[in-house]
Amino acid sequence: MIITIDGPAAAGKGTLAASLAKRYRLTYFDTGMVYRAVGLQMLLENCPLEDKISAENFAKQLTFQRMMELSKNPNFRSLEGSHAASAVAAIPPVRAALLKMQQDFSKKPVFADGTPADGAIYDGRDTGTVICPDADIKFFITATPEVRAMRRFKEYEQKGQASSFEEVLEQTIARDKNDFARESSQPAKDAVIIDTSDFSIEQVFEKVCEIIDQRQKTLEK
Ligand code: C5P
């Protein structure tokens, strides 16, 4: 079974995908990591974010192992890291260079230790439209910019990363503008759209599980 979860930043995709991965024995790919890895590499090498050639070269050289190494850097998920990821993600040759790595992941789904999984779950922006257009179930998870910015602000606070709510809200809106300028980031035509603004993560999880269980019955027939 292949499941995709797309939607804007801080809509709750990651938490939801990780819980679903456990429940349905799926291996999980957080596809934002590939863009965060390239963006962080640009920052580490002091390359201006407009330097498309360097960004493309880093994307071509990126391996899963290197991405996991970079993910340990505190800037991987910081405001600066998120800005860099969003900037390099807007460069089409960067997206093209990172496509195969993302698509190959679901061809033979295995967990990190090599044991076989019952499928794969992806989260990102274009996983239902470009990465896995034939996925069994697609979700598009969203929430208002204010709700999402507050969630992210609390995460930064917990990690001790300095920021103000206003700064996080401003960046959330800027990232939406940048990320959703692409047609591929719009919800897939066959995606189930869920607005999480007024629901807890537990409520969203239950709702999504109901939909998956229902769909699995149809797939088994
Ligand atoms: O999901 P996350 O916030 O970690 O993604 C970081 C950035 O990577 C996003 O703002 C977006 O620009 C880019 N991205 C993308 N396509 C994906 C996943 C992420 O363009 N499938």
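Here's what I pulled together on the structure shown here. Sequence positions are assigned chain by chain, starting from 1 and proceeding in written order. Local features are withheld for residues below a pLDDT of 70 in this predicted model, meaning they are given only at 70 or higher, and side-chain atom pairs are given and counted only at 80 or more; totals for whole chains, interfaces and linings count all residues. Calculated side-chain values reflect all of the structure's heavy atoms, with hydrogen atoms and water omitted.

Scanning the protein from terminus to terminus reveals ten helices and five strands. Against the 2.2 N^0.38 benchmark of 17 Å for 221 residues, the protein shows a C-alpha radius of gyration of 17 Å, consistent with a compact globule. Viewed in the frame of its principal axes, the protein has a C-alpha envelope of about 55 × 35 × 35 Å. Sorting the 221 residues of the protein into buried and exposed places 49% on the buried side. Whether two residues are in contact is decided by their heavy atoms, any of which lying within 4.5 Å being enough. Long-range contacts, defined as pairs at least 24 residues apart, comprise 80% of the intrachain contacts of the protein with a sequence gap of at least 6. Surface accessibility of the protein: about 11,300 Å² in total, with carbon and sulfur atoms responsible for 54%. Counted as positive: Lys and Arg. Counted as negative: Asp and Glu. His and the chain ends are not counted at all. Where a charge lies is defined by one atom per residue type: Lys uses NZ, Arg uses CZ, Asp uses CG and Glu uses CD. Computing the positive centroid from 29 side-chain charges and the negative centroid from 32, the protein places the two 3 Å apart. Segments assigned H or I by DSSP are reported as helices when at least four residues long, segments assigned E as strands when at least two residues long, and all are numbered from the N terminus. Radius of gyration: over C-alpha atoms. The globule rule applied is 2.2 Å multiplied by the number of residues raised to the 0.38 power. Exposure classes here rest on a 1.4 Å probe applied to the protein chains alone. A residue is buried below 20% of its type maximum, exposed above 50%, and partly exposed in between. Note on areas: these come from Shrake-Rupley sampling with a 1.4 Å probe, and a residue is covered only by the protein chains present in the view.

Expected helix span is given by 1.5 Å per residue-to-residue step, counting one fewer step than there are residues. Here helix α6 (residues 92-104) spans 19 Å end to end across 13 residues, near enough to the 18 Å set by a 1.5 Å rise per residue. Bend, in this description, refers to the angle at a residue between axes fitted to the seven residues ending there and the seven starting there. Of all the bends in α6, the greatest, near 35 degrees, is centred on Leu 98. Restricting attention to buried positions, one finds in α6 the residues Val 94, Arg 95, Leu 98, Met 101 and Gln 102.

Working definition: a ring pair exists when centres of Phe, Tyr or Trp rings (six-membered ring for Trp) sit within 6.5 Å. Plane angles under 30 degrees give stacked, over 60 give edge-to-face, the rest tilted. Taken as a whole and judged by the stated rule, the model has seven aromatic pairs. Residues Phe 153 and Phe 165 carry aromatic rings whose centres are separated by 6.2 Å and whose planes lie at 80 degrees to one another, so their mutual orientation is edge-to-face. Note that Phe 153 is positioned in helix α8 (residues 145-159) and Phe 165 in helix α9 (residues 165-179), a separation of twelve residues in sequence. Its relative accessible area of 15% is what places Phe 153 among the buried residues. Site record: aromatic cluster; members linked through ring pairs are Phe 29, Phe 64, Phe 105 and Tyr 122.

Before going further, it helps to spend a moment on the pattern of salt bridges. Counted as salt bridges are all cases of a side-chain nitrogen of Lys or Arg within 4 Å of a carboxyl oxygen of Asp or Glu. Counted by the stated rule, this structure contains twelve salt bridges. With a shortest N-O distance of 3.1 Å, Arg 66 and Glu 69 are connected by a salt bridge. One end of the pair is Arg 66 and the other is Glu 69, both in helix α4 (residues 64-70) and three residues apart, which spans about a single turn. A network of salt bridges, in which partner residues are shared, links Lys 100, Asp 104 and Lys 107.

Between its terminal C-alpha atoms helix α10 (residues 201-220) stretches 28 Å, which fits the 28 Å expected from 20 residues at 1.5 Å a residue. Turning to α10, its buried residues number three or more, namely Val 204, Phe 205, Val 208, Cys 209 and Ile 212. Relative to the axis of α10, the buried residues are bounded by an arc of 130 degrees and lie together on one face. Across from the buried face of α10, at angles greater than 90 degrees, the exposed residues are Glu 210 and Thr 218. Each element contacted by the buried residues of α10 is listed here: β1 (2-6), α1 (13-24), β4 (137-142) and β5 (192-195). By construction, the arc corresponds to the directions joining the helix axis to the C-beta atoms.

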